[in-house]
Amino acid sequence: MASPRLETFCCPTRDAATDFVLGFQPVFFNAICVASASFSLIGTLAQVLPKRRFGYRRSSQYPLQKPSASSRILLIISICDILGCIGIITRASVWLSFPDLVRRISLNGTEMWPTAFCVSSAIWIQLFYSATFWWLFYYAVDAYLVVKRSSGLSILVLYHMLTWGLAILLLVEGVAMLYYPSISSCQNGLEHAIPHYITTYIPLLLVLLVNPILFGKTASAVASLLKGRQGIYTENERRLGSQIKLRFFKILLVCFICWLPNLINEGLLFYLELQPDMNRELLKNVKNAALITWFTMSILNPMQSFLSTLAFYGWTGWDFDFRFQKNEIQWEFPTTSTTAENEYDNPVAASLYYHDNLQEREKVMTENSHDSNDELCALSEDLFGF
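As the structure is a computational prediction, the values presented were derived from the model and not from experiment. (Residues numbered from 1 in each chain as written. Predicted model: local features only at pLDDT ≥ 70, side-chain atom pairs only at ≥ 80, totals over all residues. Heavy atoms only, no water.)

*Asks:* Explain the side chain of glutamine 126 to me, using residue names and the numbers behind them.
*Replies:* Mapped onto the secondary structure, glutamine 126 falls in helix 5 (residues 113-147). A relative accessible area of 7% means that glutamine 126 is categorised as buried. Those residues in contact with glutamine 126 that lie beyond four places of it in its chain are Ala2, Ser3, Pro4, Leu6, Glu7, Leu171 and Thr200. (Helix = DSSP H or I, 4+ residues; strand = E, 2+ residues; numbered from the N terminus. Buried < 20%, exposed > 50% of the residue type's maximum accessible area, 1.4 Å probe, protein only. Contact = heavy atoms within 4.5 Å.)

Put into structure tokens, the structure is as follows:
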């Protein structure tokens with residue numbers, strides 16, 4: 001699971017609420033983390049690896065073109081999720097192998113490796129999941145810019161700088177505030193924890209609150225763009241508009257399902273921290289709800305990796321193709337509207353596609369008088385790579 005309380009676990013002086021969830025069935029909890037993260041990791045790799053059914057060949061009239069920025073962002077999101085899953089598996093596996101690891105994080109600091117491993121593994125997990133949230137946000141921005149004809153591969157460098165810069169900056173600031181002035185004094189009051197939680201959840205809240213607005217504007221812009229071409233909707237244009245809305249909805253649904261339990265759990269634990277006595281009978285339901293959401297997080301947080309690829313590409317299957325492509329790539333040309341329609345439903349991972357940005361395609365299509373179905377395929381490729 002990915003929670004800012006991962007860093008507070010490393011504090012020798014933990015608050016009562018953190019100790020409560022940390023000490024409840026730790027073996028079972030870590031086993032769930034390993035199982036969920038392993039399943040998600042295997043599923044994600046199965047999704048993004050090249051397939052024989054599609055391979056590196058694509059029915060397109062734009063041969064040997066590079067992926068768009070949006071397509072590359074989707075692949076980067078999957079890579080960040082994979083690295084986050086690896087961190088969860090490593091951390092939980094070590095905790096299962098050394099059940100007394102947490103108890104060995106003491107104030108006297110006689111053993112450094114438990115604290116070092118605890119802090120480094122927590123930072124690894126938080127960094128890559130924070131980067132995932134930032135990339136999801138910039139994917140929504142780029143999708144809108146694609147429709148507005150303002151995106152291209154050159155802007156991907158800016159996305160990299162903003163994503164990794166903000167992710168590292170917020171992580172360092174939050175961890176420094178939590179462990180100030182030393183790791184032995186962290187969690188001596190909420191003044192240490194609150195800044196850390198705020199910097200951790202900023203990118204997540206940005207995705208949950210701003211992405212729906214950007215996706216809505218993008219879907220509306222696509223509808224206006226398609227209708228403005230001929231003044232009416234064709235069947236293929238309606239299908240493309242529905243595909244785009246459905247894909248945006250799936251992406252948002254995965255984010256809400258996987259990360260809403262984190263926000264609920266943090267609220268419940270903060271409420272428990274503010275109580276003078278957590279063992280009161282009146283707080284029993286609150287404590288049960290905190291434990292339920294805690295174990296829910298251990299399942300859903302790692303599962304974002306696999307569920308996101310399903311939202312991005314659909315199910316791509318298990319028919320892998322590891323052959324190295326040495327020869328020039330052969331391309332087939334669509335001859336019927338049926339081929340163009342199948343383009344909309346093609347769930348091949350975006351990393352396997354070669355296509356240009358929307359502006360360059362429009363110029364080619366204008367000069368060569370390509371039909372409207374090909375233009376729709378170009379738009380769908382730029383947004384999703386399908």
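*Asks:* Describe the packing of aromatic side chains, listing the residues and the values that go with them.
*Replies:* A full pass over the atoms with the stated rule returns 17 aromatic pairs. Arranged with centres 5.3 Å apart and planes meeting at 15 degrees, the rings of phenylalanine 29 and tryptophan 294 form a pair that is stacked. Pair noted here: phenylalanine 29 is in helix 3 (residues 26-48) and tryptophan 294 is in helix 9 (residues 284-313), with a separation of 265 residues, a long-range link. This pair shows no difference in class: phenylalanine 29 is buried, exactly as tryptophan 294 is. Chaining the aromatic ring pairs together yields one cluster made of Phe24, Phe28, Phe29, Trp294 and Phe295. (Phe/Tyr/Trp six-rings, centres within 6.5 Å; stacked < 30°, edge-to-face > 60°.)

*Asks:* Could you give me a rundown of the packing of helix 8 (residues 235-273) against helix 9, with the residues and numbers involved?
*Replies:* How two helices pack is summed up by the angle between their axes together with the distance between the axes. Running from N to C, helix 8 and helix 9 point in directions that differ by 160 degrees, and their axes come no closer than 8 Å. When the interaxial angle is binned, helix 8 and helix 9 end up roughly antiparallel. For the pair helix 8 and helix 9, the crossing hand works out as left-handed. Across the contact of helix 8 with helix 9, the residue classes tally to 22 nonpolar, seven polar and three charged. (Axes fitted to C-alpha atoms, helices over the stretch in contact; angles between N-to-C directions. Parallel < 35°, antiparallel > 145°, perpendicular 65-115°, else oblique. Left-handed = near helix turned anticlockwise from the far one by under 90°. Nonpolar A, V, L, I, M, F, W, Y, C, P; charged D, E, K, R; others polar.)

*Asks:* Can you tell me about helix 5, naming the residues and giving the values?
*Replies:* The end-to-end C-alpha separation of helix 5 is 51 Å, in line with the 51 Å expected for 35 residues at 1.5 Å each. Counting buried residues in helix 5 gives 28 out of 35 residues, a clear majority hidden from the surface. Downstream of helix 5 by one or two residues, arginine 149 has phi in the positive range, about 65 degrees. (Expected span 1.5 Å × (residues − 1).)

*Asks:* I'd like a rundown of a nonpolar patch on the surface, residues and numbers included.
*Replies:* A cluster of nonpolar side chains, namely Leu246, Phe249, Leu253 and Ile257, defines an oily patch on the protein surface of about 360 Å² accessible area. Of note, isoleucine 257 is situated in helix 8. (Patch = residues over 30% accessible without salt bridge, like charges linked within 9 Å, V, L, I, M, F, W, Y side chains within 5 Å. Areas by Shrake-Rupley, 256 points an atom, 1.4 Å probe, with all protein chains shown as cover. Salt bridge = Lys/Arg side-chain N within 4 Å of Asp/Glu carboxyl O.)

*Asks:* So what's going on with the environment of proline 114? Residues and values would help.
*Replies:* As for its position among the elements, proline 114 is in helix 5. Residue proline 114 is classed as buried on the basis of its relative accessible area of 0%. Distance in space between the C-alpha atoms of proline 114 and leucine 101 is 6.1 Å, their sequence separation being 13 residues.

*Asks:* Requested: an account of the packing of helix 3 against helix 4 (residues 69-97), with residues and values cited.
*Replies:* Closest axis-to-axis distance for the helix 3/helix 4 pair is 8 Å, and the angle between their directions is 150 degrees. Between helix 3 and helix 4, the crossing angle belongs to the class labelled roughly antiparallel. With respect to the hand of their crossing, helix 3 and helix 4 are arranged in left-handed fashion. For the pair helix 3 and helix 4, contact is made by Val27, Asn30, Ala31, Cys33, Val34, Ala37, Ser38, Ser40, Leu41, Thr44, Leu45 and Val48 and by Ser78, Ile82, Cys85, Ile86, Ile88, Ile89, Ala92, Ser93, Trp95 and Leu96, respectively. Looking at side-chain class alone, the contact of helix 3 with helix 4 contains 16 nonpolar, six polar and no charged residues.

*Asks:* So what's going on with helix 8? Which residues, and what values?
*Replies:* The terminal C-alpha atoms of helix 8, which comprises 39 residues, lie 57 Å apart, in line with the 57 Å expected from a rise of 1.5 Å per residue. Taking the largest bend as the criterion, helix 8 deviates by roughly 40 degrees, centred on tryptophan 259, and proline proline 261 comes between one and four positions later. (Bend = angle between axes of the 7 residues up to and from the residue.)

*Asks:* Break down the environment of leucine 83 for me, with residues and values.
*Replies:* Along the polypeptide, leucine 83 turns up in helix 4. Residue class for leucine 83 comes out partly exposed when judged on its relative accessible area of 25%. When the C-alpha atoms of leucine 83 and serine 305 are compared, they prove to be 9.6 Å apart, with 222 residues separating the residues in sequence.

*Asks:* Hey, could you go over the nonpolar core for me, with residue numbers and the actual values?
*Replies:* Buried together is how nonpolar side chains tend to be arranged in soluble globular proteins. Of all hydrophobic cores here, the largest spans 90 residues; its most connected members are Trp135, Tyr159, Tyr179 and Leu272. At the level of secondary structure, the elements contributing two or more residues to this core comprise helix 2 (16-22), helix 3, helix 4, helix 5, helix 6 (155-178), helix 7 (190-230), helix 8 and helix 9. The element best represented in this core is helix 5, accounting for 19 residues. Each residue touching tyrosine 179, except ones within four places of it in the same chain, is listed here: Glu7, Cys10, Cys11, Val119 and Cys186. (Core = buried A, V, L, I, M, F, W, Y, C linked by side-chain atoms within 4.5 Å.)

*Asks:* Provide a residue-level description of unusual backbone geometry, including the pertinent values.
*Replies:* For glutamine 25, which is not a glycine, the phi torsion comes out positive at approximately 45 degrees. Structurally, glutamine 25 can be placed in the loop between helix 2 and helix 3.

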